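Each chain, letter by letter, is given below.
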Amino acid sequence: DTAVSQTPKYLVTQMGNDKSIKCEQNLGHDTMYWYKQDSKKFLKIMFSYNNKELIINETVPNRFSPKSPDKAHLNLHINSLELGDSAVYFCASSQVLGQPQHFGDGTRLSIL
Amino acid sequence: EDKVVQSPLSLVVHEGDTVTLNCSYEVTNFRSLLWYKQEKKAPTFLFMLTSSGIEKKSGRLSSILDKKELSSILNITATQTGDSAIYLCAGASGGGTSYGKLTFGQGTILTVHP
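Residues numbered from 1 in each chain as written. Chains lettered and ligands numbered in written order. Predicted model: local features only at pLDDT ≥ 70, side-chain atom pairs only at ≥ 80, totals over all residues. Heavy atoms only, no water.

Student: Just checking my understanding: could you explain the overall build of chain A for this structure?
Tutor: For chain A, the helix and strand inventory stands at zero helices and eleven strands. What you see in chain A, going N to C, is helices and strands ordered as β-β-β-β-β-β-β-β-β-β-β. Taken against the 2.2 N^0.38 rule, which gives 13 Å for 112 residues, the C-alpha radius of gyration of chain A at 13 Å falls within 12% of a compact globule. For chain A, the spread of C-alpha atoms along the three principal axes comes to 35 × 30 × 25 Å. Expressed as a percentage of its 112 residues, the buried residues of chain A come to 45%. As displayed, chain A has an accessible area near 5600 Å², and 47% of this comes from carbon and sulfur atoms. Charge-centre separation for chain A: the mean point of 12 positive side chains lies 5 Å from the mean point of 11 negative side chains. (Helix = DSSP H or I, 4+ residues; strand = E, 2+ residues; numbered from the N terminus. Rg over C-alpha atoms; globule rule 2.2 N^0.38 Å. Buried < 20%, exposed > 50% of the residue type's maximum accessible area, 1.4 Å probe, protein only. Areas by Shrake-Rupley, 256 points an atom, 1.4 Å probe, with all protein chains shown as cover. Lys, Arg positive; Asp, Glu negative; His and termini not counted. Charge placed at Lys NZ, Arg CZ, Asp CG, Glu CD.)

The following block contains the structure:
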């Protein structure tokens, strides 16, 4: 069973569209995260949620909106997609804040 | 702004060689230093270091933290082709609104040739 699963694995879409990426973890963890990995392989934190509450909100355009319906799920919705949004987006979870994070396999987003 | 720098950026070795990867950090309210291995997809956790000078070991991999020098090293002995990956270092913040936040370095790409 996959511990942290993201869907879809690949997303190809046009500029201006709205898209969502879903993430689920079956580890029973309290904390979930979204990261963006750019073409230079830098992983940057975007958001973290602890028990459905937003904890970390980095300098991310407000076109990006995370939603956590329960502590096992953290979805990422992106409005008005731009070319610069092309990247691999990783979801992660940890037992509690500050503990090692377990990553999903990533969603490769390509904007045409 | 928090910053983590890794060196070298890439490394090519032959099987059996020993490698040392470096990581230096500037993290506000530093709590711990983590190492991850990223092959094709998800980064996988290797080590978390919180205390200076105490080596953590897992098979052929070992790592140590130097809080005075704000740095860490990851050693891999008797490298194998399966060690080929990107090795990521991350500093974890332990205070305030950034508690638990990981700041990643740019990674070291390790290639091990047979």
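Student: What should I look at first to understand the sheet that holds strand 8 (residues 71-76) of chain B in this one?
Tutor: What links the strands of a sheet is backbone hydrogen bonding, and the strands pair in either a parallel or an antiparallel sense. All names here are of chain B. Spatially, the five strands line up as an open sheet ordered 1-3-8-7-6, and their pairing is antiparallel. Every other strand in the sheet has two partners, leaving strand 1 (3-7) and strand 6 (56-58) as the edge strands with one partner each. Taking the axes of each pair of neighbouring strands and ignoring which way they run, one obtains an average angle of 15 degrees across the sheet. Taken together, the six bridges between strand 7 (residues 61-66) and strand 8 define a ladder with antiparallel strand orientation. By the bridge assignment, Ile 64 is partnered in strand 8 with Ile 73. (Pairing = 2+ DSSP bridges. Axes fitted to C-alpha atoms, helices over the stretch in contact; angles between N-to-C directions.)

Student: What is the right way to read the interface of chain B and chain A from this model?
Tutor: Often the size quoted for an interface is simply the accessible area lost on bringing the parts together. Tallying the contact residues gives 20 residues for chain B and 20 residues for chain A. Buried surface at the junction of chain B and chain A, both sides included, amounts to about 1700 Å², of which 62% is carbon and sulfur. Its largest share of buried area at the contact with chain A, chain B owes to B:Lys41, B:Lys101 and B:Phe104, together 26% of the area lost on that side. There are one salt bridge connecting chain B and chain A. Scanning the region where chain B abuts chain A turns up four residue pairs in polar contact (both at pLDDT 80 or more). Contributions of two or more residues to the side of chain B that touches chain A are made by strand 4 (30-38), strand 5 (43-49), strand 9 (85-93) and strand 10 (102-104) of chain B. Per-class residue counts for the side of chain B that touches chain A are eleven nonpolar, six polar and three charged. (Contact = heavy atoms within 4.5 Å. Buried area = accessible area lost by both parts, 1.4 Å probe. Salt bridge = Lys/Arg side-chain N within 4 Å of Asp/Glu carboxyl O. Polar contact = N/O pair within 3.5 Å; in protein donor to acceptor, adjacent residues only side chain to side chain. Nonpolar A, V, L, I, M, F, W, Y, C, P; charged D, E, K, R; others polar.)

Student: Any chance you could explain unusual backbone geometry here in plain terms?
Tutor: The phi angle of most residues is negative, glycine excepted, and most peptide bonds adopt the trans form. A cis geometry characterises the amide bond from A:Thr7 onward to A:Pro8, with omega recorded as 0 degrees. Locating A:Pro8 in the fold gives a position in the loop between strand 1 (4-7) and strand 2 (10-13). Even without glycine at this site, A:Asn51 takes up a positive phi of about 50 degrees. Residue placement: A:Asn51 occurs in the loop between strand 5 (43-50) and strand 6 (53-57). In this structure, B:Ala78 takes a positive phi of about 45 degrees despite not being glycine. Considering the arrangement of structural elements, one finds B:Ala78 in the loop between strand 8 and strand 9.

Student: Explain the pairing of strand 1 of chain B here, please?
Tutor: Side chains on a regular strand alternate between the two faces of the sheet. Residues and elements named next belong to chain B. Of the two faces of strand 1, the one lined by Val 4 and Gln 6 is fully buried and the one lined by Lys 3, Val 5 and Ser 7 carries no buried residue. Relative to strand 3 (residues 19-26), strand 1 runs antiparallel, the two being bridged by five bridges. The residue of strand 3 that forms the bridge with Lys 3 is Glu 26.

Student: Got a minute to help me understand the sheet that holds strand 1 of chain A in this structure?
Tutor: All names here are of chain A. The strand order across the open sheet built from four strands is 1-3-8-7, with neighbouring strands paired in antiparallel fashion. The open sheet is flanked by strand 1 and strand 7 (64-70), the only strands paired with a single partner. Each strand of the sheet is rotated relative to its neighbour by a mean of 20 degrees, with strand direction disregarded. Relative to strand 8 (residues 73-78), strand 7 runs antiparallel, the two sharing five bridges. Of the residues in strand 8, the one forming a bridge with Pro 66 is Leu 76.

Student: I would appreciate a short explanation of the packing of aromatic side chains in the present structure.
Tutor: Geometrically, a pair of aromatic rings is defined through the distance of the ring centres and the angle of the planes. Taken as a whole and judged by the stated rule, the model has ten aromatic pairs over all chains. Taking 6.3 Å as the distance between ring centres and 80 degrees as the angle between the ring planes, the aromatic pair formed by A:Phe90 and A:Phe103 counts as edge-to-face. Pair noted here: A:Phe90 is in strand 9 (residues 87-94) and A:Phe103 is in strand 10 (residues 102-103), with a separation of 13 residues, a long-range link. An identical accessibility class is assigned to A:Phe90 and A:Phe103; each is buried. Ring centres of B:Tyr36 and B:Phe45 lie 5.9 Å apart, and the angle between their planes is 70 degrees; this geometry places the pair in the edge-to-face category. The exposure class assigned to B:Phe45 is partly exposed, which follows from its relative accessible area of 34%. An aromatic cluster is built from A:Tyr33, A:Tyr35, A:Phe90, A:Phe103, B:Tyr36, B:Phe45 and B:Phe104, whose rings are joined through pairwise contacts. (Phe/Tyr/Trp six-rings, centres within 6.5 Å; stacked < 30°, edge-to-face > 60°.)

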